[in-house]
Amino acid sequence: MIYRPPLVPHETFVADPPELPVRAPGEQGLSAISRAEVLAAEGGELSLKAETSAGETLFARVAVAGEGVVRVRLSAEPEASSRSAAAISLVRPGTFTDAKVTLVEGGVRIDAGALIAEVELHPFRISFTNVAGRVLLAQNRGEADISGRQRNLPFGRSLVDSVPVAYHESFDARADERFAGLGERFTPLDKRGQRALMWNFDAFGGESDRAYKNVPLYLSSRGYGVLVDSGTAAEFDLAQSTHSVVQILVPDDLIDYYVIAGPTPGQILDRYNGLTSRPSLPPKWAFGTWVSSGFYVDTQEKVIARARRLREDRIPADVMHLDCYWQVAGNWSDFRWDAENFPDPRGMLADLDGMGFKVCLWINPYVSVNSPVYTEGAEAGYFLRRADGEVYVADVWHGNYAAGGIIDFTNAEACDWYRGLLRPLLEQGVATFKTDFAEGVPTDAVASNGMTGAELHNVYTLLYNDLTVEVTREVNGHELVWARSSFLGGQRHSAQWSGDTNTSYPSLGSTIRGGLSHGLSGIPFWSHDAGGFTGRPSDDLYLRWSQFGALSPLVRFHGTTSRLPWDFPEVAEPVTEALRLRYELMPYLYSAAVESARTGEPMMRALLVDSPADPAAWGEDLAYRLGRDLLVAPMTDPDGTRQVYLPAGDWVDYWTGRVHHGQRYISVTVPLERIPLFVRHGAVVPTAEVGDKVGDGPFGPLTVVTWGGVSGRFLLRDVDGDTDITVTSAGAHLDLRTSGPALVRRLVFAAVEGGQRPASVSLNGTKAVLDLVDGRLVATLPE
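Anyway, here's the lowdown on the structure attached to this text. Here the structure is a predicted model, which means the values were calculated and not measured.

## Things to note about the sheet that holds strand S41 (residues 721-730)
In spatial order, the strands read S40-S41-S42-S44-S45; together these five strands make up an open sheet with mixed pairing. Among the strands making up the open sheet, the edge pair consists of strand S40 (712-718) and strand S45 (766-767). Across four bridges, strand S42 (residues 733-739) lies against strand S44 (residues 760-763) in parallel orientation. Bridging across to S44, Leu734 finds its partner in Val761. Most of the contacts of helix H11 (residues 586-599) go to S40, to which it runs at about 75°, and overall it touches S40 and S41.

Written out as structure tokens, the structure is:
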């Protein structure tokens, strides 16, 4: 049941989730698995016929679904599938050639390499171990309180009036176990003690437990992950209602879940990607600054003026985003230019291209009843309908703007129509689309394929973004969208942002938490509205949030009021400097992005990703590593002081060169123009000359910065291939070697406390010229 805070007005949402019934005291209906018999055991798969506490017969299957992955299913019909499968397949189980199923006394052993499932038949229980025999996860058979009342829902299902309403599973939760993931959740990163509902909301900000993006995957500090294959409103009770048990509740025709081995978070995410999809790498220009028109009336003249001002003020930027008002106000979203305010869009797009800008347009999948496009779609049957067959005209704007029809992406003809609305815009010169909303499918809607709104609700965003990606790839050759909502497998939609956050320091903090949580759910390319979305930020908050944005995977300035630097004249210069730092670090950042696309690990790395054995890292949710070598701690307090946890190793203050020993908290006070930023001691960081834009091509001549003057290595990723950069320190001499297409012309020794400064330096075998510049030793190739 959804919690409603007492006395606080509840925001009406057009698509609130269905609520499961609450049992009355003494009411029966639990049907938990008590024993099972083997039907078949071969080919890495075990099939079982199970008896339940209610006298039912159900069918279970335990199977190897890839190296280090075991799948568990329970249903009334052996071949049952999720209700969401009528629209889209969420998980694609793999194979493992060395899988083994062995009958043992009292049970069965299923070997998936890095993960082993031990099945006890009577009484029934499944436990999962690593190759060393350490128990990672085990079913909880059910716990009772002192009065004999059931406290949790063990492996089985529940019935109301003899009708099944949900399947469920329970696992033991160790006393010191931590949990993370489950999508972009703005609550504390450690999810222990929380109950997460897998239902995509228009969250109205980032200050509650409602989420725009849900991913039914969680990671454990014990070195495993659990993934549930269902598009329904599943619930994950992570030791909330009873502190010793994790419970999963799935209102579907079966429960179908995967236990995924680690032991590291990166290994779990890599195996998760193998079951769903690999992250799609955004085009290189997408890692530059995105500058939005904002959520207010815009014109062609204003767009061109913004672009020219950015170039004149030397503010590096790559993307001009046009929000709702490129369309006729009140007709959103009908995918048509406002001819009065944008009389020559093709000419405007050409002018922006000439200045080096890509253009992103806002869209959503709802068509206002005020638009002629609505009439066209309604007459053709392209919208979701009510049970009586009428178009479902939904209040998707929560009363702020006209209601509209919701495009039915289960209808092949509606999909063709939608593609036809987007394609001409791309052919005009638009680079990509901001795919807003898509959380608003009402539970009582009906789709053309027969699905109910409750069944379609969560996966609708995947259909919407898949189609948008498809037509964008067809015309522009890349897969970038800028999405607000997402679900299981959404990492194939390469950019997502945190939605409509408030302009406050607490909201800045919860936005960091949301990004870290989403990264641990398999989404590496994430962003947020720099400055916050709703209202006008104070100058200091605007700068602090801009600094966070500049050191995020992707950065966009957007809000209900202007987020243009020149509209904040007191802090415009340090905001620009933060962006220039981003562009200077672009070779490092883009390399981290390519690595994330290949591995599934986040760019914005919660500290637990690289320090999974450190209990403190599982609770640290206001700082992160950006790539492996930078540690970013955005200032979340207006007084300019905060505590920062540094993981094991030595860390160098980027601004002062002071070295701090890790695995402890330090107090950091920084002036407004600086963000707390640390570099791993010994890191080799490639940098580029700052220009107006990132663009599409390979980096020009690079400067490599060594943080400590010791031996180190960096693998540079670029559009023309990889370059291995190796620094070798040998007493008074230091040698830098490269293998690959990149050209390194300079090596800079950062001013690090106690850092080494050699007497001579060679770059690829050529003796470098040494100079002292601003207190730093600089080695340059001779002309």
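From this point on, the discussion continues.
## Examining helix H7 (residues 460-476)
Its 17 residues give H7 an end-to-end C-alpha distance of 24 Å, which sits within 8% of 24 Å, the value for a rise of 1.5 Å per residue. Among the residues of H7, Tyr460, Thr461, Leu462, Leu463, Tyr464, Asn465, Leu467, Thr468, Val469, Val471 and Thr472 are the ones counted as buried. Those residues of H7 hidden inside the fold are in contact with strand S21 (358-363), strand S23 (404-406), helix H5 (412-428), strand S24 (432-435), helix H6 (453-456) and strand S25 (482-483). Just beyond H7, the residue with positive phi is Gly477, at close to 80°.

## Concerning empty space enclosed by the protein
All chains considered together, the criterion is met by two cavities of 30 Å³ or more. For the lining of the largest cavity, the residue count by class is four nonpolar, seven polar and one charged. The calculated volume of the second largest cavity comes to roughly 30 Å³. As for the second largest cavity, its lining consists of Leu219, Ser220, Ser221, Gly223, Pro263, Thr264, Pro265, Ile268, Pro612 and Trp618. Looking at the lining of the second largest cavity, the elements with two or more residues in it are strand S14 (217-220) and helix H1 (265-275). The class makeup of the residues in the lining of the second largest cavity is six nonpolar, four polar and no charged.

## Things to note about the packing of helix H2 (residues 300-312) against helix H3 (residues 345-354)
How two helices sit against one another is set out by the angle between their axes and by the gap between those axes. Across the interface, H2 lies against H3 with an axial gap of 11 Å and an inter-helix angle of 0°. Regarding the angle of H2 to H3, the classification is roughly parallel. Contacts from Gln300, Val303, Ile304 and Ala307 in H2 reach Pro345, Met348, Asp351 and Leu352 in H3.

## Topic: the environment of His457
Tracing the chain through its elements places His457 in the loop between H6 and H7. Separated by 193 residues in sequence, His457 and Thr264 have C-alpha atoms that sit 32 Å apart. Once residues within four sequence positions are removed from consideration, His457 is found in contact with Ala15, Trp199, Asn200, Ala438, Glu439, Gly440 and Val441. A distance of 3.4 Å separates the side chain of His457 from the side chain of Trp199, its partner in a polar contact. Within the structure, His457 has its side chain in polar contact with the backbone oxygen of Asn200 (distance 2.7 Å).

## Some details on the state of the cysteines
Per the counting criterion, the structure on display carries zero disulfides. Between Cys360, a cysteine without a disulfide, and Cys324, which holds the nearest cysteine sulfur, the sulfur-to-sulfur distance is 11 Å.

## Some details on the packing of aromatic side chains
The geometry of two aromatic rings is summed up by the distance between their centres and the angle between their planes. Taken as a whole, this structure holds 40 aromatic pairs when the rule is applied. A centroid spacing of 6.5 Å and a plane angle of 70° characterise the contact between Tyr590 and Phe699, whose relative ring orientation is edge-to-face. Residue Tyr590 is located in helix H11, and its partner Phe699 is located in the loop between strand S38 (684-687) and strand S39 (702-706); the two are separated by 109 residues in the primary sequence. The class for Tyr590 is buried, based on a relative accessible area of 5%. Between Tyr654 and Trp655, the ring centres sit 4.9 Å apart and the planes meet at 80°, which makes this aromatic pair edge-to-face. These aromatic residues form a ring-pair network of at least three members: Phe295, Tyr325, Trp332, Trp362, Tyr366, Trp397, Tyr401, Phe437 and Phe533. Looking at Lys284, its charged tip hangs above the ring of Tyr590, at a distance of 5.5 Å from the centre. The side chain of Arg556 reaches across the aromatic face of Trp497, ending 4.9 Å from its centre.

## Points about the sheet that holds strand S19 (residues 289-292)
Taken in spatial order, the nine strands line up as S27-S26-S25-S24-S21-S20-S19-S29-S28 in an open sheet, and their pairing is parallel. The open sheet has two edge strands with one neighbour each: strand S27 (526-527) and strand S28 (529-530). Strand direction decides the pairing type here: strand S20 (residues 319-322) and S21, joined by four bridges, are parallel. Among the inter-strand pairings, His321 is bridged to a residue of S21, identified as Cys360. Helix H9 (residues 539-550) rests against S27, S28 and strand S29 (555-557) of the sheet, and its axis sits at about 150° to S29.

## Let's talk about the environment of His661
Here His661 shows up in strand S35 (residues 659-661). With 347 residues separating them along the chain, His661 and Arg314 place their C-alpha atoms 38 Å apart. With residues near it in sequence (within four places) discarded, His661 still touches Leu646, Gly649 and Asp650. Among the polar contacts made by the side chain of His661, one reaches the side chain of Asp650 at a distance of 2.8 Å.

## Side note on the nonpolar core
Grouped burial of nonpolar side chains is what soluble globular proteins tend to show. By size, the foremost hydrophobic cluster in this structure holds 191 residues, and its most contacted members are Trp337 and Ile407. Setting aside its immediate chain neighbours within four residues, Trp337 contacts Leu322, Trp326, Phe342, Pro345, Met348, Leu349, Leu361, Leu425, Gln428 and Val430.

## Topic: H9
Along an α-helix, a turn takes 3.6 residues, which lines up residues three or four apart on a common side. If you check H9, its first and last C-alpha atoms are 16 Å apart, about what 12 residues at 1.5 Å a residue would give, namely 16 Å. In terms of residue burial, H9 counts as a mostly covered element, since 10 of its 12 residues are buried. Looking at H9, one finds that the buried residues are Leu541, Tyr542, Leu543, Arg544, Trp545, Ser546, Gln547, Phe548, Gly549 and Ala550.

## Side note on the pairing of strand S8 (residues 124-129)
Across the six residues of S8, five count as buried, placing the element largely inside the fold. Note that strand S7 (residues 116-121) and S8 share six bridges and pair antiparallel. Bridging from a neighbouring strand, Glu120 pairs with Arg125 of S8. What sits between S7 and S8 in their antiparallel hairpin is a turn of two residues.

Thresholds, definitions, all that
- Residues numbered from 1 in each chain as written.
- Predicted model: local features only at pLDDT ≥ 70, side-chain atom pairs only at ≥ 80, totals over all residues.
- Heavy atoms only, no water.
- Pairing = 2+ DSSP bridges.
- Helix = DSSP H or I, 4+ residues; strand = E, 2+ residues; numbered from the N terminus.
- Contact = heavy atoms within 4.5 Å.
- Axes fitted to C-alpha atoms, helices over the stretch in contact; angles between N-to-C directions.
- Expected span 1.5 Å × (residues − 1).
- Buried < 20%, exposed > 50% of the residue type's maximum accessible area, 1.4 Å probe, protein only.
- 1 Å grid on protein atoms, 1.4 Å probe; cavity = no way out; pocket = protein on both sides within 12 Å on 5 of 7 lines; lining within 4 Å.
- Points joined across faces, edges and corners; volume = space filled by probe spheres on them.
- Nonpolar A, V, L, I, M, F, W, Y, C, P; charged D, E, K, R; others polar.
- Parallel < 35°, antiparallel > 145°, perpendicular 65-115°, else oblique.
- Polar contact = N/O pair within 3.5 Å; in protein donor to acceptor, adjacent residues only side chain to side chain.
- Disulfide = S-S within 2.5 Å.
- Phe/Tyr/Trp six-rings, centres within 6.5 Å; stacked < 30°, edge-to-face > 60°.
- Lys NZ or Arg CZ within 6 Å of the ring centre and 35° of its normal.
- Core = buried A, V, L, I, M, F, W, Y, C linked by side-chain atoms within 4.5 Å.

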